[in-house]
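# Descriptive structure summary
Below are the chains, spelled out letter by letter.
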Amino acid sequence: MIHHLSVPVRDPRHTAQVFLELFGGGVVTPFGPYENSFITWSGDQLGTALEFYPVGTEMYPPTTPEQAQFRHNASATGHTATHAAISVELEVDHVMAIAEREGWRALVLPRGGFDVIEFWIDNTVMLELLTPQMAADYLAVAPRIERVR
């Protein structure tokens, strides 16, 4: 289960507020480990959250037994192959209106048995947003794996 994901963005506070709207509520708070970072908590039963760091933030392992360290890479573009599929309680029209208001690319595309909304934060980071019907279709084609404990 994925509980949170970190995303590089141009304006972490603003993007956190946009995702508060996409999540249909929740909480936005400053996020401590790195300056000008914010986290949006969805308020769901799984503790789903998105962390927003300034573009160029890099996390790296220190040589000592401490938590991850942070630094800034001024030449970073913000583009990344990392992405996630995230369920939202909104319908397509509402998500598209938010993207249009922000000037961000968004389009509905098929993914083999289900559709997603490719939602491009700052037109550099893509998240696949799933409406309730899209999420149901996704779950219908996702493989079921029996866990051995």
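Notes on the structure follow. Just so it is clear, the structure is predicted and the values come from calculations on it, not from any experiment. (Residues numbered from 1 in each chain as written. Predicted model: local features only at pLDDT ≥ 70, side-chain atom pairs only at ≥ 80, totals over all residues. Heavy atoms only, no water.)

On inspection of all chains with the given rule, the structure shows eight aromatic pairs. Ring geometry for Phe19 against Phe52: centres 5.5 Å apart, planes inclined by 40°, an arrangement best described as tilted. Highlighted residues: Phe19 in helix α1 (residues 12-23) and Phe52 in strand β4 (residues 49-54), separated in sequence by 33 residues. When sorted by exposure, Phe19 lands in the same class as Phe52, which is buried. (Phe/Tyr/Trp six-rings, centres within 6.5 Å; stacked < 30°, edge-to-face > 60°. Helix = DSSP H or I, 4+ residues; strand = E, 2+ residues; numbered from the N terminus. Buried < 20%, exposed > 50% of the residue type's maximum accessible area, 1.4 Å probe, protein only.)

Turning next to the layout of surface pockets. Of the voids in this model, the largest pocket is the one considered here, and its volume is about 960 Å³. Lining the largest pocket are 30 residues, and of these Met1, Leu46, Ala85, Ile86 and Ser87 lie nearest its centre. Elements with a contribution of two residues or more to the lining of the largest pocket: β1 (4-9), β4, β7 (85-87) and α3 (132-141). The element best represented in the lining of the largest pocket is α3, accounting for four residues. For the lining of the largest pocket, the class distribution of residues is 18 nonpolar, eight polar and four charged. Counted as a void, the second largest pocket has a volume near 330 Å³. (1 Å grid on protein atoms, 1.4 Å probe; cavity = no way out; pocket = protein on both sides within 12 Å on 5 of 7 lines; lining within 4 Å. Points joined across faces, edges and corners; volume = space filled by probe spheres on them. Nonpolar A, V, L, I, M, F, W, Y, C, P; charged D, E, K, R; others polar.)

One can find Pro132 in helix α3. Distance from Pro132 to Val88, taken between C-alpha atoms, is 6.8 Å for residues 44 residues apart in sequence.

Our next topic: the side chain of Thr40. As for its placement among the helices and strands, Thr40 is situated in strand β3 (residues 38-41). Side-chain polar atoms of Thr40 contact the backbone oxygen of Ala16, separated by 2.9 Å. (Polar contact = N/O pair within 3.5 Å; in protein donor to acceptor, adjacent residues only side chain to side chain.)

The residue Val108 is located in strand β8 (residues 106-110) in this model. Val108 sits in the partly exposed class, given a relative accessible area of 36%. Each C-alpha atom, one on Val108 and one on Gly43, is 26 Å from the other, the two residues being 65 residues apart in sequence. Not counting chain neighbours up to four residues away, the residues in contact with Val108 comprise Val92, Asp115, Val116, Ile117 and Met134. (Contact = heavy atoms within 4.5 Å.)

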